[in-house]
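# A look at the structure
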Amino acid sequence: MRTPFTRRPSLRYLFLVVSAASLAACSRPAPPEEPVRAVKLLTVGVGALQSSLEYAGEVRARVESRLGFRVAGKIVQRQAELGQRVKAGQVLAQLDPRDYQLAADAARAQLAAATTQRDLAAADFRRYQALKEQNFISGAELERREATLKAAQATLDQARAQLSSQGNQTGYTTLVADVSGVVTGIEAEPGQVVAAGTPVVRIAQDGPRDVVFAVPEDKVAHIARGQDVAVRGWSGGAPLTGRVREVAASADAATRTYQVKVALEGGDVPALGATVYVTPKALSHAGVAAIKLPTSALRQEGQATAVWVYDPATSTVRSQVVQIATADGNDAVVASGLAPGMQVVATGVHVLSSGQKVMVYRPKVVVAPVPKAQTATQSIAIPPVPAASAAAAASSAK
């Protein structure tokens with residue numbers, strides 16, 4: 001039979017084991033080691049840029065007029081249609097002319113009354129002139145008759161001018177094309193009451209054509225009048241050449257871009273409204289030497305752009321901030337931060353950290369299996385002899 005004195009060491013040992021197990025369970029396990037990742041590297045070098053800035057433009061007429069009536073009224077007829085080719089003098093639209101015809105009739109009546117008054121004053125002046133020659137009236141009386149005749153003549157001239165003006169007003173109720181061209185816009189319809197000068201029809205005049213496009217504020221300073229521009233059609237065709245004819249002095253209020261007009265040269269000009277692509281030679285970077293990186297090598301570090309630079313001595317990577325100038329196709333053009341000969345990580349930049357140890361990824365070269373050469377059982381030079389022929393030859397030898 002065990003006494004309490006004999007159990008005491010066993011309990012103490014059990015207590016120590018339980019305490020050690022509890023402390024081991026409460027302690028934080030050691031973090032696993034960071035795996036050594038394989039990375040693809042590329043060597044920084046200087047290459048020639050391939051792309052250039054290209055803008056979308058629209059072919060427009062050199063002169064595009066918005067025609068409207070010179071008098072107010074209600075449109076009763078519109079002969080012009082969108083896309084119609086018109087000639088100079090062709091009727092485009094008409095207003096209701098009745099009010100202007102009534103005004104012309106009133107002016108014609110005033111002219112008739114002024115003519116009658118002038119004729120009466122002239123007859124009166126001739127009569128008083130004869131009396132003056134006979135000394136029956138004074139010279140002052142004759143002068144009064146002469147003044148009356150001059151006033152009647154002035155009234156007649158005024159009435160004649162008024163009739164001519166009203167005749168012009170009546171003629172202004174018919175809108176005619178002053179030049180030949182193509183109707184590119186309709187801005188009023190029959191039944192609409194328009195004021196004098198309100199645009200009704202927009203006509204693109206025949207003649208030279210321009211390409212109109214817009215450039216941002218940071219590029220407009222490099223474009224000047226007379227510079228060469230390459231133009232290609234959206235739907236294909238032979239490339240065209242042009243020269244900058246006009247550069248806007250102020251930015252557009254909505255887009256904050258500057259409008260540029262290019263005069264097209266050559267006979268085969270695209271149709272009005274056609275979409276073309278414009279490449280100003282002053283903004284071309286083709287052939288310029290620069291450092292380029294694929295976009296997969298870039299990462300965002302705060303507000304800056306950075307890359308991972310590989311250190312072959314320690315097999316680690318470090319972060320390097322770079323300045324991106326522009327894009328060249330799918331590559332980014334680096335303005336500063338890198339030098340030729342440096343090695344940067346090309347892919348997987350989001351899983352790396354500064355000072356992390358990496359290994360260079362080397363693609364596995366798969367060797368195609370080569371079939372084993374079959375053992376030559378027969379001689380190529382001496383064809384095999386059949387067994388029957390060999391026996392016959394042996395018998396003959398004996």
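Just so you know, the residues in each chain are numbered from 1, in the order the chain's sequence is written. pLDDT decides what is reported in this predicted model: residues at 70 or higher carry local features, side-chain atom pairs at 80 or more are listed and counted, and totals for whole chains, interfaces and linings draw on all residues regardless. Side-chain metrics rest on all non-hydrogen atoms present in the structure, leaving aside hydrogens and water.

As annotated in an unreviewed UniProt entry, the protein is RND family efflux transporter, MFP subunit from Acidovorax soli. UniProt positions are given in the numbering used here, feature names are shortened, and annotations may be inferred rather than shown by experiment. Under Subcellular location (unreviewed entry), UniProt gives the following word-for-word description of the protein: "Cell envelope". Per UniProt, the protein carries the Sequence similarities (unreviewed entry) text "Belongs to the membrane fusion protein (MFP) (TC 8.A.1) family."

### Here we look at the sheet that holds strand E4 (residues 55-61)
For sheets, the rule is that strands pair by backbone hydrogen bonds, running either parallel or antiparallel. The criterion for strand pairing is that DSSP finds at least two bridges linking the strands in question. A run of DSSP states H or I qualifies as a helix once it reaches four residues; a run of E qualifies as a strand once it reaches two. Both are numbered from the N-terminal end. With antiparallel pairing, six strands are arranged side by side around a closed barrel as E4-E13-E16-E15-E14-E17. Sheet twist, expressed as the mean angle between neighbouring strand axes with direction ignored, is 40 degrees. Bridge analysis of strand E13 (residues 209-215) against strand E16 (residues 258-265) gives six bridges, and the strand direction is antiparallel. Counterpart to Val-211 in the pairing with E16 is Val-262. For helices, the fitted axis covers only the stretch in contact; all axes are lines through C-alpha atoms, and the angles between them, taken along N-to-C directions, range from 0 to 180 degrees.

### Focus on the pattern of salt bridges
In the sections that follow, a salt bridge refers to a side-chain nitrogen of Lys or Arg positioned within 4 Å of a carboxyl oxygen of Asp or Glu. This model, assessed by the stated rule, comprises 24 salt bridges. The partner of Arg-78 in a salt bridge is Glu-189, and the shortest N-O contact between them spans 2.7 Å. Pair noted here: Arg-78 is in strand E6 (residues 73-78) and Glu-189 is in the loop between strand E10 (181-186) and strand E11 (193-194), with a separation of 111 residues, a long-range link. By relative accessible area, Arg-78 is classed as buried at 16%. Only protein chains enter the accessibility calculation, which uses a 1.4 Å probe. A residue is then buried if its area is under 20% of the maximum for its type, exposed if over 50%, and partly exposed in between.

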